[in-house]
Amino acid sequence: MKINNGYVTNSSSTSFVVCTKNGISKEKFLSAFGIHEDSLLKSFYEKLYYVIQKEKTEIPTGVNLKEFFQQHRIDIEDTADLSEIEKRYNSGEKVYYGKLEDCGAYGGMIEAFYALESVIVIGDDLYFNAKDCAY
């Protein structure tokens, strides 16, 4: 698994892309981020998981992903990231997209964090990209 953190700016929204072979369970999601039962960040990442579950929309099969992301204002500028998503999409993985918008009591906190931070998680069964997502 690779995890990359960094500060990004000049994006129009807080968006994400998730790819998965076998669905997104909370346990698999937390494990992909390296979050264990006693982690101080467990509740934060549980909230992120619930926001993603609420906000995700599956990308239909047979679309040009680059055009789809442009039409839906999902910022995947890095060609390596786009290549990884296309590889997973073309191999039959489910690909979802969405925005980390204010989702009740905890969504604003999640959006605020990812408006300032960038993260990408690449695992065998889960890919998460909120890399280019600052205001």
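Residues numbered from 1 in each chain as written. Predicted model: local features only at pLDDT ≥ 70, side-chain atom pairs only at ≥ 80, totals over all residues. Heavy atoms only, no water.

Student: An account of the side chain of Arg88 is needed here, citing residue identities and associated values.
Tutor: Here Arg88 is to be found in helix α4 (residues 79–90). Judged by its relative accessible area of 6%, Arg88 falls in the buried class. Those residues within four positions of Arg88 in sequence are excluded, and the remaining contacts are Cys19, Glu93, Ile122, Gly123, Asp124, Leu126 and Tyr127. (Helix = DSSP H or I, 4+ residues; strand = E, 2+ residues; numbered from the N terminus. Buried < 20%, exposed > 50% of the residue type's maximum accessible area, 1.4 Å probe, protein only. Contact = heavy atoms within 4.5 Å.)

Student: I'd like a description of the nonpolar core, backed by residues and values.
Tutor: If you look at the biggest cluster of nonpolar residues, it comprises 21 residues, and the most contacted ones within it are Phe29, Phe33, Leu48, Ile52 and Phe128. Elements with a minimum of two residues in this core: β2 (15–20), α1 (26–32), α2 (42–55), β5 (118–122) and β6 (126–130). When residues in this core are grouped by element, the largest group, six residues, is from α2. Grouped together as the second largest cluster of nonpolar side chains are 15 residues, Ile76, Leu82, Tyr89 and Val95 included. (Core = buried A, V, L, I, M, F, W, Y, C linked by side-chain atoms within 4.5 Å.)

Student: How would you sum up the layout of surface pockets? Please name residues and give values.
Tutor: Considered as a void within the structure, the largest pocket measures approximately 190 Å³ in volume. The wall of the largest pocket is formed by Lys66, Phe69, Gln70, Arg73, Ile74, Asp75, Ile76, Glu77, Asp78, Thr79 and Leu82. Elements with a contribution of two residues or more to the lining of the largest pocket: α3 (65–71) and α4. Sort the elements by how many residues they give to the lining of the largest pocket and α3 lands first, with three residues. (1 Å grid on protein atoms, 1.4 Å probe; cavity = no way out; pocket = protein on both sides within 12 Å on 5 of 7 lines; lining within 4 Å. Points joined across faces, edges and corners; volume = space filled by probe spheres on them.)

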